[in-house]
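For reference, the chains in residue letters:
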Amino acid sequence: MELVKKKDVLAAYAALKQVVTQTPLQYDGYLSQKYGCHVYLKREDLQKVRSFKIRGAYYAIKQLSEEQLKNGVVCASAGNHAQGVAYTCNEMNVPATIFMPTTTPNQKVSQVSFFGGEAVTIKLVGDTFDESADAAKQYADENNMAFIAPFNHADIIAGQGSLAVEVFDELNKSARSADYLFSAIGGGGLISGIAAYAKEESPDTLIVGVEPAGAASMKLSLDNDCVTPLAKVDKFVDGAAVKEVGDLNLAHVKAHVDELVQVDEGQVCSVILELYTKQAIVVEPAGALSVAALEQYKEAIKGKTVVCVISGGNNDINRMQEIEERSLMFEGLKHYFVVNFPQRAGALKEFVTNILGPRDDITKFEYTKKVNRGSGPVVIGILLADKADYPSLLERLAEFDANYIDLSQNQSLYTLLV
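Now for a quick tour of the structure.

The six strands lie next to each other as β1-β2-β10-β7-β8-β9, forming an open sheet whose pairing is mixed. Here the strands that pair on one side only, and so sit at the sheet edges, are β1 (25-27) and β9 (259-263). Averaged over all pairs of adjacent strands, the angle between their axes in this sheet comes to 25 degrees, without regard to strand direction. Strand direction decides the pairing type here: strand β7 (residues 180-184) and strand β8 (residues 206-212), joined by five bridges, are parallel. The residue bridging Ala 184 from the neighbouring strand is Val 210, located in β8.

Below, the structure written as structure tokens:
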């Protein structure tokens, strides 16, 4: 299997130079102070379609013959890849049929329609990305149209790698070298292109691939030494929630990526909120992965020069409540319980006075009085002022109800009740 080389990435960079936005490599004073190092953010959230995906999509479509372009292209995507293909086809006046799962939020469908204009036809097929992708490939074969893969193709990899050319050019201008480069991994197209270029251009730079813990498909495939689909995928980090990586991407990671790390989805949420509140940077969950990994490397990166690729900023504002919720739970501040309350006057007052800490708060309280029963179950959410108070809260809860249920220990009950 032939891997993409530095020269291939440079060819893509030359073809894309006048097409894509050369996004800034931005020194981040807040993160640099927090981790005691020099952190630079590659701001692909400022790209034309608010993600790096336009790079690979445009370059791959540009390599097609006139006959192929006339027939049109097909792709499958629930988000950023679809937007990249849509924008490209609108610019190049190439007809495109874009397959998206039926579960895709309307906001993403409308964005694809906006970027694609009259050049794009959207088909909502299948409940999952895999079902949608299978339908897209079949449609492409039946209609003699080129299928634009989201990550498992040499042209896609070379196109995505063009952002690494910009990173190292900017570092060279200021006579700096990168000790670490962190990048998200979904299917593996981005990390493959970055690593292919970086390992020839700057072999001493440690390349770290970052996956969401609930969708670590690259780690599974590396552990098994072959492409292996995940049995279950947490779709929260939707831009990187891929069931199965590409074989070409796996080969690049094996050859060029130094380390893989998995980040809890709750940590990702905390970083999204931190980037927004501290620096007014809006990132999508996949875009926050690289920065989220810094916490696990905080000792290793002290005094070093670190580059984090902010891969995208297509975050749906309607998700912010869920993001805040997951962040608080990850930080150990928000907890949910099922607690049996005595069915008598004053029980709630007793709970607030004796069980809650003086600065704790109740965020959820669901209770229906049961006739002819001495007690009844309450679903209660508690927001702690300090996560260190959690063990003492549990002790007081046990005194109030020895059979209370901590919903963090029962995901099925949590999903049902919260």
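The next subject is the packing of helix α12 (residues 265-279) against helix α14 (residues 320-330). Put simply, α12 and α14 touch, their axes get as near as 8 Å, and they point 115 degrees apart. Of the two possible hands of crossing, α12 and α14 adopt the one that is left-handed. In this structure, α12 uses Glu 265, Gly 266, Gln 267, Cys 269, Ser 270, Ile 272 and Leu 273 to contact α14, whose residues at the interface are Met 320, Ile 323, Glu 324, Arg 326, Ser 327 and Phe 330. The residue inventory of the contact of α12 with α14, partitioned by class, reads six nonpolar, four polar and three charged.

Spatially, the four strands line up as an open sheet ordered β5-β4-β3-β6, and their pairing is parallel. Because the sheet does not close on itself, it has two edges, and the strands there are β5 (120-124) and β6 (146-147). Strand direction decides the pairing type here: strand β3 (residues 73-76) and β6, joined by two bridges, are parallel. Each residue of the ladder has a partner; that of Val 73, found in β6, is Ala 146. Most of the contacts of helix α7 (residues 129-142) go to β3, to which it runs at about 165 degrees, and overall it touches β3, β4 (96-100), β5 and β6.

The rules behind each value
Residues numbered from 1 in each chain as written. Predicted model: local features only at pLDDT ≥ 70, side-chain atom pairs only at ≥ 80, totals over all residues. Heavy atoms only, no water. Pairing = 2+ DSSP bridges. Helix = DSSP H or I, 4+ residues; strand = E, 2+ residues; numbered from the N terminus. Axes fitted to C-alpha atoms, helices over the stretch in contact; angles between N-to-C directions. Left-handed = near helix turned anticlockwise from the far one by under 90°. Contact = heavy atoms within 4.5 Å. Nonpolar A, V, L, I, M, F, W, Y, C, P; charged D, E, K, R; others polar.

None of this, on its own, says anything about what the molecule does.
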